[in-house]
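Below are the chains, spelled out letter by letter.
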Amino acid sequence: MTSRGNRALNPIHVVGGGLAGSEAAWQIAAQGLAVVLHEMRPLRMTEAHQTDQLAELVCSNSFRSDDAETNAVGLLHAEMRLAGSLIMREADANQVPAGGALAVDRGGFSAAVHQAIENHPLIEVRREEVAGLPPADWDNVIVATGPLTSAPLADAIRALTGEASLAFFDAIAPIVHRDSIDMNVAWFQSRYDKQGPGGSGADYINCPLTSEQYEAFIAALLAGGKTEFREWETNTPYFDGCLPIEVMAERGPETLRHGPMKPVGLTDPRNPLVKPYGIVQLRQDNKLGTLYNMVGFQTKLKHAEQVRIFRTIPGLERAEFARLGGLHRNTFLNSPVLLDGELRLRAAPRLRFAGQMTGCEGYVESAGVGLLAGRFAAAQARGASLTAPPPTTALGALLGHITGGHIETIDAGPRSFQPMNVNFGLFPPLASTPKAPDGKRLRGPEKALAKKRALTSRALSDFRGWIEACGAREVAA
Ligand SMILES: Cc1cc2nc3c(=O)[nH]c(=O)nc-3n(C[C@H](O)[C@H](O)[C@H](O)COP(=O)(O)OP(=O)(O)OC[C@H]3O[C@@H](n4cnc5c(N)ncnc54)[C@H](O)[C@@H]3O)c2cc1C
């Protein structure tokens, strides 16, 4: 170990050897610092894990698109490779054919991560459940226990944060890219033009339905393919009593019209004398104003069915979804309120969080936040500070979403921060719209593609700069 005085005597503790915890431990050890990784399996299993391997993939074997030029998760792959990610190294080494996606041999991938961690001389793996707050003498801790965090630890964190709940049946409503909504059909207005705290009176996007459109929509919801609950999911309560829209529709065709689709207090400016029969509202979801969530539209319709059925809503015919709806048990923090910019719990800064607990979604994102947490923790142990990656990068955009980019609900509703995959809606807009090589304006799909290319090229250039600066600081520390 590279000794740096007494600081080096205290190992950094990582709780949870999943995607995030394994990556965090690797990043810390790569900087010459000692780590203890605490993993409760196989002594105590979760409802979804099947093995005792570190970095087990609980469901699909896909790391999604590997296209770093036009896809946000592909860009995240590229940034993580540049940062020496163990998860990406072993995903690449255990790749199976999957078109443009990076899919892995599930067993081979976990075994390789497991071996790399077990064989690292600076990492000690302890098979134990951390069944409460970590001991007070652990002064630099990363909690990466994931969506299925064991109950005693979740309860202790909940008590510390004062949150009403940490684990619940998580109802996720779809999120739409603002620039894919047809504003020739939809309009901005808050119900009864109410301004509310921080509102303008025109904060929602409204999509109107006639009675025929509404009836067809209800029929499609009832007929649409649904995801089945796993047995263990049936024991977890709904978050804030939110019901999926298709469950509401089953209670009667008018139920949604008296719930999330109620048309009162809203006037279509293009047709002011005719009241829409039903209205779908979308609410701004990030500070940039690039993403809007469909209010009250939590659903367990299958993803392809959601796209098909929601595109029948007037104004959403060409909607692009940053995230689709879903329901599953989840444990995550209200991070924009509870964590600081370095992922530390404001109420107890010795505890840093990583992975899905912080409000990212997905294997790659969880490992990415683990990578950042590991680097922040290592810098702290060295008595140095680490500047976060720029918000123009995938890792920076994800960190921004978790620690500050989300806006709280503007109508005093339930807590609105929800886990999210990385997507271009989280990135700051480009300074100028890309043009064709001959200087002409681009349109349609060509324009969308050029924008994505410009965003990824800006991201990779900024990320390389950040990595170089990190390297220089590490040498100097
Ligand atoms: C049912 C289900 C299906 C999913 N399917 C997908 C999918 O198909 N694709 C996708 O990208 N994402 C999927 N996800 C999301 C997925 O969980 C995350 O993407 C990812 O695994 C989260 O990484 P993590 O490191 O935060 O948590 P995990 O990978 O779950 O790791 C957490 C680790 O902490 C351990 N642990 C928990 N509590 C304690 C404790 N008190 N003490 C010590 N150890 C503890 C657990 O045993 C586990 O090993 C799914 C999630 C669930 C719940």
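Residues numbered from 1 in each chain as written. Predicted model: local features only at pLDDT ≥ 70, side-chain atom pairs only at ≥ 80, totals over all residues. Heavy atoms only, no water.

Now, about the overall build of the protein: what can you tell me, with residues and values included?
Along its length, the protein carries 12 helices and 17 strands. For the protein, the proportion of contacts with a sequence separation of at least 24, taken over those separated by at least 6, is 71%. (Helix = DSSP H or I, 4+ residues; strand = E, 2+ residues; numbered from the N terminus. Contact = heavy atoms within 4.5 Å.)

Please set out the packing of aromatic side chains residue by residue, giving values where relevant.
Under the defined criterion, the tally for this structure stands at 10 aromatic pairs. With a centroid separation of 6.3 Å and 70° between ring planes, the pair formed by Phe188 and Tyr292 is classed as edge-to-face. Remark: Tyr292 occurs in strand β13 (residues 291–294) and Phe188 occurs in strand β10 (residues 187–188); sequence separation between them is 104 residues. Classification of Phe188 by relative accessible area gives partly exposed; the value is 34%. Classification of Tyr292 by relative accessible area gives buried; the value is 4%. Each residue in the set Phe217, Phe297, Phe310 and Phe321 is aromatic and connected to the rest through ring pairs, giving one cluster. In this structure, Arg257 packs its charged tip against the face of Tyr277, placed 3.9 Å from the ring centre. (Phe/Tyr/Trp six-rings, centres within 6.5 Å; stacked < 30°, edge-to-face > 60°. Buried < 20%, exposed > 50% of the residue type's maximum accessible area, 1.4 Å probe, protein only. Lys NZ or Arg CZ within 6 Å of the ring centre and 35° of its normal.)

I'd love a proper account of the sheet that holds strand β11 (residues 204–209), names of residues and values included.
Strand order in the open sheet formed by 6 strands is β10-β11-β12-β13-β9-β14, with antiparallel pairing between adjacent strands. Only two strands of the sheet have a single partner each, and these edge strands are β10 and β14 (321–323). Pairing of strand β9 (residues 175–177) with β13 involves 3 bridges; the strand directions are antiparallel. Within β13, the position partnered with Ile175 by the bridge is Asn293. Of the strands in this sheet, β11 and β12 (278–284) are in contact with helix α6 (residues 211–223), which crosses β11 at around 95°. (Pairing = 2+ DSSP bridges. Axes fitted to C-alpha atoms, helices over the stretch in contact; angles between N-to-C directions.)

I'd like a rundown of the site of the ligand, residues and numbers included.
Residues in contact with the ligand amount to 31 residues; listed here are only the nearest, Glu39, Arg41, Gln356, Gly362 and Tyr363. The backbone of Ala20 places a nitrogen or oxygen atom 2.9 Å from an oxygen atom of the ligand. Here Gln356 contributes a backbone N or O atom positioned 2.8 Å from an oxygen atom of the ligand. When the ligand sits alone it has 970 Å² of accessible area, and the protein chains cover 93% of it. When contributions to the shell around the ligand are tallied by element, the ones reaching two or more residues are α1 (19–30), β2 (35–39) and α10 (363–381). Grouping the amino acids of the shell around the ligand by side-chain chemistry returns 12 nonpolar, 15 polar and 4 charged. (Near = heavy atom within 4 Å. Polar contact = N/O pair within 3.5 Å; in protein donor to acceptor, adjacent residues only side chain to side chain. Areas by Shrake-Rupley, 256 points an atom, 1.4 Å probe, with all protein chains shown as cover. Nonpolar A, V, L, I, M, F, W, Y, C, P; charged D, E, K, R; others polar.)

Help me get a handle on the confidence of the model for the protein, residues and values and all.
Here the protein averages 88 in pLDDT, and 87% of its residues register 70 or above. In this model residues 237–241 is a low-confidence stretch, pLDDT under 50, and it forms 14 contacts with partners more than four residues away in sequence or in other chains. Confidence over residues 408–414 falls short of pLDDT 50; this stretch has 13 contacts with residues more than four positions distant or in other chains. (pLDDT = per-residue confidence, 0-100.)

Quick one: what's the story with the pattern of salt bridges, residue by residue and with numbers?
For the coordinates displayed, the defined rule picks out 17 salt bridges. The partner of Arg81 in a salt bridge is Asp92, and the shortest N-O contact between them spans 2.8 Å. One end of the pair, Arg81, is in helix α2 (residues 72–82); the other, Asp92, is in helix α3 (residues 86–93), and 11 residues separate them in sequence. By relative accessible area, Asp92 is classed as partly exposed at 30%. Glu342 is paired through a salt bridge with Arg344; the nearest N and O atoms lie 3.9 Å apart. A network of salt bridges, in which partner residues are shared, links Asp340, Glu342, Arg344 and Arg352. (Salt bridge = Lys/Arg side-chain N within 4 Å of Asp/Glu carboxyl O.)

An account of the packing of α2 against α10 is needed here, citing residue identities and associated values.
The N-to-C vectors of α2 and α10 enclose an angle of 35°; their axes lie 11 Å apart at closest approach. Considering only the axes of α2 and α10, their crossing is left-handed. Seen from α2, the contacting residues are Val73, Leu76, His77 and Met80; seen from α10, they are Val364, Glu365, Ala367, Gly368 and Leu371. (Left-handed = near helix turned anticlockwise from the far one by under 90°.)

Quick rundown of the sheet that holds strand β1 (residues 12–15)? Include the residues and the values.
Strand order in this open sheet of 6 strands is β6-β2-β1-β7-β17-β16, and the pairing throughout is mixed. Each edge of the open sheet is held by one strand with a lone partner, namely β6 (123–127) and β16 (344–345). Inspection of the sheet shows β1 paired to strand β7 (residues 141–143) by 3 bridges, in the parallel sense. Paired with His13 across the strands is Val141, a residue of β7. Lying on the sheet, helix α4 (residues 106–119) is in contact with β2 and β6; it crosses β6 at an angle near 115°. Set on the sheet, helix α5 (residues 151–161) makes contact with β1, β7, β16 and β17 (348–353); between it and β17 the angle comes to about 135°.

Please give an account of the nonpolar core that cites residues and values.
Phe63, Phe109, Ile117, Ile142, Leu343, Phe353 and Phe427 are the most contacted members of the largest nonpolar core, which has 89 residues in total. A per-element tally of this core places α10 first, with 12 residues. In contact with Phe109, other than residues within four places in its own chain, are Leu19, Ala55, Leu57, Phe63, Ile87, Glu90, Ala91, Asn94 and Val104. Listed in part, the 33 residues of the second largest apolar core include Ala173, Met248, Phe297 and Leu316. (Core = buried A, V, L, I, M, F, W, Y, C linked by side-chain atoms within 4.5 Å.)

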